[in-house]
Amino acid sequence: MEYRRLGKSGLQLSELSLGSWLTFGKQIGNNIAEDLMKLAYDNGVNFFDNAEIYSRGESEKVMGKILKKMKWDRDSYTVSSKVFFGIRGLVDSKPTQKGLHRKHVVEACEQAMKRLNVDYLDLFFCHRPDKETPIEETVWTMHNLITQGKILYWGTSEWSAQEIMEAHMVARQYNLIGPTMEQPQYNMLHRDKVEVEFSQIYKTVGLGTTIWSPLASGVLTGKYNKAKMPKNTRLGMEGLEWLKDKNVTKDNLKKVEQVEQIAGDLGLSMPVLAVAWCLKNPNVSTVMLGASKTAQLKENFKAIAAKEKLTPDVMEAIEKALGNKPIAPAF
Ligand code: NDP
């Protein structure tokens, strides 16, 4: 495992980390969640991602029980939470129970710490921008949580470059600590934000990135090409039709089919190639993996060694297979 600086901060996260969306407290049993965290930690993972909304607070409770049981030194790993949706979701939350205003951010932080069984959160993300709260209020609140020792770093998720810069301008104006990292989606099929929109702010503010859905919810494993809807997989789960419609498209399946031939030529599985491809981008601080089985995590860890096989020629061949003109990468 290699460790990468989270943007310009001195914190070093493992290049592969483990997330819990749709798995912990929902798709998988708590024993599997424990096996996944143990396997990850034993392989050098030092960052576990979570959010108040994941399984409506259950995901944090499951992770918190595991952290308590494992008794790992608190200074040997980092854990996150995210605030915005509330644990009931935007529709079922009262106005005080969601958003990025001071009341909810402070209460969400306290509640997440309790569920996760920790005395502080290493990373705390604003899960989405909040048009109803002045950015000054959110930046001040995050700054104060840092000075109170309740969080160590704060960041954003799915914010635009402009919104991130506004937060930095406020921080500069009042001499506050601005956002260190952004959590965007990034994979072979979803690239613009990370490669184009943020290209300047890696340099100007030293943005770090903890990227999500490196396998586009499993589509980049190639398994949705092999069977119409493989059994016991995320995109066959009830209530996730919207996610399936977004990811299992004719265009995406065609791209995966073409890239999978390159994976085969390199002697790699498609998920390993897809994760290694994300790791090749130096603006990615950590690739957050999701897994419903330990075998998947073991397989995906092979991406660390596979990076070496992704030479400039291979990267160019992947661009062609994705239907893009062979251009010099932006990094
Ligand atoms: P991926 O795109 O990698 O999807 C993970 C899923 O793909 C697994 O749960 C599994 O699902 C399948 N899979 C993984 N590896 C393999 C394999 N080797 N072979 C076959 N199937 C495989 O990542 P996630 O979408 O889970 O995102 C990672 C993390 O990012 C999340 O857990 C969460 O912490 C964070 N996130 C943040 C968001 C945000 O808005 N900030 C949004 C979404 C995620 P299955 O077996 O069920 O098919």
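Thresholds applied
Residues numbered from 1 in each chain as written. Predicted model: local features only at pLDDT ≥ 70, side-chain atom pairs only at ≥ 80, totals over all residues. Heavy atoms only, no water. Near = heavy atom within 4 Å. Polar contact = N/O pair within 3.5 Å; in protein donor to acceptor, adjacent residues only side chain to side chain. Areas by Shrake-Rupley, 256 points an atom, 1.4 Å probe, with all protein chains shown as cover. Buried < 20%, exposed > 50% of the residue type's maximum accessible area, 1.4 Å probe, protein only. Helix = DSSP H or I, 4+ residues; strand = E, 2+ residues; numbered from the N terminus. Pairing = 2+ DSSP bridges. Right-handed = clockwise from strand over helix to strand, strands pointing away. Axes fitted to C-alpha atoms, helices over the stretch in contact; angles between N-to-C directions. Parallel < 35°, antiparallel > 145°, perpendicular 65-115°, else oblique. Left-handed = near helix turned anticlockwise from the far one by under 90°. Contact = heavy atoms within 4.5 Å.

Draft legend 1. How the structure looks around the site of the ligand. Around the ligand, 31 residues are found, and the nearest of them are Gln27, Asp49, Ser213, Lys223 and Ser292. Interatomic distance of 3.0 Å between a backbone N/O atom of Ser20 and an oxygen atom of the ligand. One of the side-chain N or O atoms of Tyr54 is found 3.4 Å from a nitrogen atom in the ligand. Relative to its unbound accessible surface of 900 Å², the ligand loses 96% to contact with the protein.

Draft legend 2. Representation of the pairing of strand S5 (residues 78–83) in the model. By the criterion of burial, S5 is predominantly enclosed, with six of the six residues buried. Going residue by residue along S5, you find Thr78, Ser80 and Lys82 tucked away on one face and Val79, Ser81 and Val83 tucked away on the opposite face as well. Two strands pair when backbone bridges link them, and strand S4 (residues 47–48) and S5 are joined in this way by two bridges, in the parallel orientation. Its bridge partner being in S5, Phe48 is matched across the sheet by Val79. Crossover S4 to S5 through helix H3 (residues 58–70) is right-handed. Inspection of the sheet shows S5 paired to strand S6 (residues 121–126) by four bridges, in the parallel sense. In the strand pairing of S6, Ser81 is matched with Phe124.

Draft legend 3. Focus on unusual backbone geometry. For Leu22, which is not a glycine, the phi torsion comes out positive at approximately 70°. Of note, the phi angle at Asn117 is positive, near 60°, even though the residue is not glycine.

Draft legend 4. Seen up close, the packing of helix H2 (residues 30–42) against helix H14 (residues 294–301). Look at H2 against H14: their axes get within 9 Å of each other, and the N-to-C directions meet at 20°. Between H2 and H14, the crossing angle belongs to the class labelled roughly parallel. The interaxial crossing formed by H2 with H14 has right-handed handedness. Contact residues: Asp35, Leu36, Leu39 and Ala40 in H2; Thr294, Leu297, Lys298 and Phe301 in H14.

Draft legend 5. A look at the pairing of strand S7 (residues 151–157). Burial analysis of S7 places five of its seven residues in the buried class, which makes it a mostly covered element. Where S6 and S7 come together, five bridges link them in parallel fashion. What sits directly across from Cys126, in S7, is Thr156. Each parallel crossover has a hand, and the one from S6 via helix H6 (residues 135–147) to S7 is right-handed. Bridge analysis of S7 against strand S8 (residues 181–183) gives three bridges, and the strand direction is parallel. Residue pairing across strands places Ser157 opposite Gln183, the latter belonging to S8.

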